[in-house]
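# Secondary and tertiary structure notes
Here are the chains, one letter per residue:
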Amino acid sequence: MLNRQGRPSQAGDSGLHSIKTFTGNRALEQVEPLLFEIGRLEATGVDLDEPAAFTPRLGGLVRKDGIGLPGLSEPETMRHFVRLSQKNYAIDTGIFPLGSCTMKHNPRLNEAMARLPGFADIHPLQPQSTVQGALDLIAQLKDWLKELTGMPDVDMTPKAGAHGELSGMMAIKAAIIAKGEAATRTVVLVPESAHGTNPATAALIGFTVKPVPARENGLVHVDDVKALLGPDIAAIMLTNPNTCGLFEKDIVAIADAVHAAGAFFYCDGANFNAIVGKVRPGDLGVDAMHINLHKTFSTPHGGGGPGAGPVVLSDRLAAFAPLPLLEKNGNSFALCESEKTAEARGAHPYGRITAFQGQMGMFVRAFAYMLSHGADGMRQASEDAVLNANYIRAGLRDLMSQPFGDKPCMHEALFDDQWLKETGVTTLDFAKAMIDEGFHPMTMYFPLVVHGAMLIEPTESESKASLDLFVAALRDLAMAAKAGDTERFTQAPRLAPRRRLDETLAARKPVLKWVPPTPLSEAAE
Ligand SMILES: *Cc1c(COP(=O)(O)O)cnc(C)c1O
C-alpha cells in the first residue's frame, strides 16, 4: 500500500497490523516523510519583498540557480520536527537501561540555570572582563571535580568522554616525549573488556595496542599486567568499575606496578557514577581519568553531543594540560591562551584539544547538579545506582545467566546468553522484543569478552515501581523465550514504526544524500 506521499506504509506491513488506513497513519502515530519530500522548492515560509535592484559584488561567483532547499511554513516545520520527536525514545519517556551509558534523569533545575542569560547569551570571544562569573563557575566546577576525584588538576576542555581520553593520552604522550622516551615507549596496554574508544584513542595518536586478558572472574589480574610491563610500555588504560559492572580489586597493585615500570595509568572514568563520594581515583594511583559530565553529572547526552569530558590529571601530567589554562589573579579570572606565557610559568601544554574553553552549557548543568545534591546527595546517588542495579540482578538471576557468577555488581547488571541456548532466540531478538514492551533495549554484545552480553544499567533515577515493571516485563519475556514462543522474538519489534533494519548495510553503505525519486510515470516507461 502507498500512503499519501507515495511511499509504502510501513506500519501496515506488520502481520499484527493488518488494518490498513488511507493515509498510512495509525491513529495518532503519524507517518513522517523527509523535509525534502514535504517541502516545495518554489515556496518559502516567509514573505520577503523582492530586494531593490542592486549590483552584486561577487563578480562571476554569483549563484545562478536555486539552492535546492525545501520551503515550508512555520506550522509545517513545527509539525515535522514534533512528529519526529514523538517517534523518539528518551530518558523523559521511560527507563533507558543502556549499560555503561548512565542514562539518568536530567534535572530541570539544571536546564533553568543553563538558560540564565548571563550563561546562555555570552560569547567565547567576549572580553574576559565581561564573563568573570562564567569563568568563576568553571573554576568552582574544577574544584569540585578535583575534590571528588582526589586529583590535583583538571583539563575542562574536552567535549566528550572519548575526547577526554584523547586529551589525557596526549598529555601522557607529551610527558613521555619530555622524558626523552618517545622512541621506546610505544605500547599501550588495554584490557579485552575495554570500551572501543580506549584502543581507538591509543591507536589514533600512534601507539601500538596490546590486549590484557580478562580472567574467569571478569577482572584484570595484576600478574597479567606485570607479565606485559617493560621499557616499551607507555601506559595502561583501565576502566573502573569495569564494563562488566565489577570493581577492579587489584587496581592499586596495578597502578604501583605500572609506575614502577615507568609507565602511566589512564583510567576510563565513564563508570564514575558507581563510586562518587565512595572512592577517589587519585587515591588509587590514577594519572589521568576522564569524567563524562553527561553520564555521572546528569547533563543531557544529546545525540552524540553536546557532551563534556573533563579529564583529571595527576601531578606528573598537570603541566602538560592543553590550552587554555584558567588562572586566578586575586579576585579575577583569566584564560591563558598563549603557549609562551604558559611556558614562562613552567607549564608545557601539549597544544589544544578544542577551540575556546569547553562546553559552557554543560558546565552550568553539572555544577547545578552538584550544588543541588551536595556531597551527601551525590554519594547517595551512587549508592542508589548500585542498589538499583542489584535489585534488577536479583529480580532476574533465576531466569537469566550471569557470566561471572551470582555475586553483587556495581552500577550495572551483566547477563549473557547461556540461558537462551536451544531457545532459538538470540540476544538481539530479546532486545528487539523489549521494544514491543515499550522499553529501550539494554546494551547488547558489549563487553566483547562476554558471549551475547546484555548489560543493564538502571541508574538511581528509577523508582521502585519503575524497576518492578521492568523486571516483571523481562521475566515475562524470559519465560516466553524458554517456553518456545520464538515468534515473539524473531519477529520483533512487531509494534514499532519500523521493523528490523539492515544495520550492517546502513553502516557500510550509508545513504547521506536525498535524491528525488523517479516520478512513477517515467519509471513506467
Ligand atoms: C561512554 C563511554 C566512553 C566514551 O564516552 P563518550 O562520552 O560517549 O565519548 C568511554 N568508555 C566507556 C566505558 C564508556 O561507557
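All values derive from a computational prediction rather than experimental measurement.

## Brief notes about the site of the ligand
S100, A160, G161, A162, E165, H195, T197, D268, A270, N292, H294 and K295 make up every residue found near the ligand. Within the backbone of A162, a nitrogen or oxygen atom sits 2.8 Å from an oxygen atom of the ligand. Calculation on the ligand without its partners gives an accessible area of 380 Å², and the protein chains cover 87% of this total. Sorting elements by how many residues they give to the shell around the ligand places helix α6 (residues 161–178) first, with three residues. Residues of the shell around the ligand, tallied by class, amount to three nonpolar, six polar and three charged.

## Quick word on the pattern of salt bridges
Counting across every chain of the model gives 24 salt bridges. Ionic pairing is found between D468 and K464, a salt bridge with its closest N-O pair at 3.0 Å. Taken together, the positions of D468 and K464, both in helix α13 (residues 464–482) and four residues apart, correspond to about one turn of that helix. Among the residues examined, D468 registers a relative accessible area of 30% and is labelled partly exposed. Of the residues examined, K464 reaches a relative accessible area of 54% and is grouped as exposed. Each of E111, R115 and R365 takes part in salt bridges that share partners, so that together they form one network.

## A look at empty space enclosed by the protein
Taken as a whole and judged by the stated rule, the model has three cavities of 30 Å³ or more. Taken together, 13 residues line the largest cavity, and the ones lying closest to its centre are L246, Q402, G405, K407 and L414.

## Looking at a nonpolar patch on the surface
Taken together, the side chains of L34, F36, I67, L69 and W514 define a hydrophobic patch exposed on the protein surface, amounting to about 470 Å² of accessible area. By the element assignment, L34 lies in the segment before α1 (35–38). A relative accessible area of 41% places L34 in the partly exposed class.

## What to know about the sheet that holds strand β12 (residues 454–456)
Overall, antiparallel pairing links the three strands, which are arranged β10-β12-β11 in an open sheet. Strands at the two margins of the open sheet, each flanked by one partner only, are β10 (413–415) and β11 (443–444). Sheet topology places β11 next to β12; two bridges connect them, and they run antiparallel. Within the sheet, the bridge partner assigned to M444 lies in β12 and is M454.

## Observations regarding the sheet that holds strand β4 (residues 233–239)
A sheet is described by the order of its strands in space; here seven strands give the open sequence β1-β7-β6-β5-β4-β2-β3, paired in mixed fashion. Single-partner strands in this sheet number two, and they are β1 (153–155) and β3 (208–212). Across the sheet, the mean angle from the axis of one strand to that of its neighbour is 25°, orientation sign disregarded. The pairing of strand β5 (residues 264–268) with strand β6 (residues 288–290) spans three bridges and is classified as parallel. Pairing of D268 across the sheet is with H290, part of β6. Packed on one face of the sheet, helix α7 (residues 197–204) meets β2 (187–191), β3, β4 and β5 and runs near 160° to β4.

## Some thoughts on the nonpolar core
Counting residues in hydrophobic clusters, the biggest one holds 60 residues, and the most contacted among them are L141, L145, V225, F265, L293, F297 and F363. Those elements that provide at least two residues to this core are α5 (132–149), β2, α8 (222–228), β4, α9 (251–260), β5, β9 (332–336) and α11 (360–396). Lining this core are residues from two domains, each supplying at least three of them: domain 1 (109–367) and domain 2 (376–508). The residues contacting F265, other than those within four sequence positions of it, are I236, L238, I251, A255, V258, H259, L284, G285, V286, D287 and A288. M400, F415, A431 and A473 belong to the second-largest nonpolar core, a separate cluster that totals 31 residues.

## Concerning the packing of helix α12 (residues 427–436) against α13
One can describe the packing of α12 onto α13 by two numbers: an axis separation of 11 Å at closest approach and a directional angle of 130°. Classed by the angle they form, the pair α12 and α13 counts as oblique. Crossing handedness for the pair α12 and α13: right-handed. Mapping the contact onto sequence places F430, A433 and M434 in α12 and F470, L474, L477 and A478 in α13. Considering only residue class, the contact of α12 with α13 consists of seven nonpolar, no polar and no charged.

## Topic: the packing of α11 against α13
Interaxial distance between α11 and α13 falls to 10 Å at its minimum, and their mutual angle equals 30°. Between α11 and α13, the interaxial angle falls into the category roughly parallel. The interaxial crossing formed by α11 with α13 has right-handed handedness. Here N388, Y391, I392, G395 and L396 of α11 come into contact with α13, specifically with K464, L467, D468, F470, V471, L474 and R475.

## Considering the side chain of N273
In this fold, N273 is placed in the loop between β5 and β6. Every residue in contact with N273, bar those within four places of it in the chain, is listed here: T102, K104, T296, S382, A385 and E460.

Analysis parameters
Note that residues are indexed from 1 along each chain, following the sequence as it is written. Per-residue local features of the predicted model are confined to residues with pLDDT of at least 70, and side-chain atom pairs are confined, for both listing and counting, to 80 or more; whole-chain, interface and lining totals are unaffected and use all residues. Side-chain descriptors were evaluated using all non-hydrogen atoms of the structure, hydrogens and water having been removed beforehand. The nearness test applies per residue and asks whether one of its heavy atoms lies within 4 Å of the molecule or strand. Any pair of N or O atoms that falls within 3.5 Å is considered a polar contact. Within protein, one atom must be able to donate a hydrogen and the other to accept it, and sequence-neighbouring residues count only if both atoms are side-chain atoms. Every accessible area reported is derived by Shrake-Rupley at a probe size of 1.4 Å, with residue values counting cover from the shown protein chains alone. Numbering of helices and strands starts at the N terminus; helices are DSSP runs of H or I of at least 4 residues and strands are runs of E of at least 2. Under the convention adopted here, Pro, Cys and the residues Ala, Val, Leu, Ile, Met, Phe, Trp and Tyr are nonpolar, Asp, Glu, Lys and Arg are charged, and Gly plus all remaining residues are polar. Salt bridge, as used here, is a side-chain nitrogen of Lys or Arg placed within 4 Å of a carboxyl oxygen of Asp or Glu. Only protein chains enter the calculation, and the probe is 1.4 Å; a residue is then buried if its accessible area is under 20% of its type maximum, exposed if over 50%, and partly exposed in between. Residues are said to line a cavity or pocket when one of their atoms sits within 4 Å of a point; the points come from a 1 Å grid over protein atoms alone, cavities being sets where a 1.4 Å probe fits but cannot get out and pockets being open sets with protein on both sides within 12 Å along at least five of seven lines. Grid points are joined across faces, edges and corners, and a volume is the space filled by probe spheres set on the points. To count toward a patch, a residue needs a relative accessible area above 30% and no salt bridge. Like charges then connect within 9 Å, nonpolar side chains (Val, Leu, Ile, Met, Phe, Trp, Tyr) within 5 Å. Strands are treated as partners if at least two bridges between them are detected by DSSP. For every element, the axis is a line fit to its C-alpha atoms; helices are fit only across the contacting stretch, and the angle between N-to-C directions ranges from 0 to 180 degrees. Between two residues, a contact is recorded if the distance between any of their heavy atoms is within 4.5 Å. Here the nonpolar core consists of buried residues drawn from Ala, Val, Leu, Ile, Met, Phe, Trp, Tyr and Cys, with membership extended through side-chain atoms lying within 4.5 Å. Marked domain ranges trace back to an automatic or database domain assignment. Comment on the angle field: the value is read as roughly parallel under 35 degrees, roughly antiparallel over 145, roughly perpendicular from 65 to 115, and oblique elsewhere. By definition, any crossing whose near helix is turned counterclockwise from its far helix by less than a right angle is left-handed, and any crossing with a clockwise turn is right-handed.

Treat this as a map of the structure, not an account of what it does.
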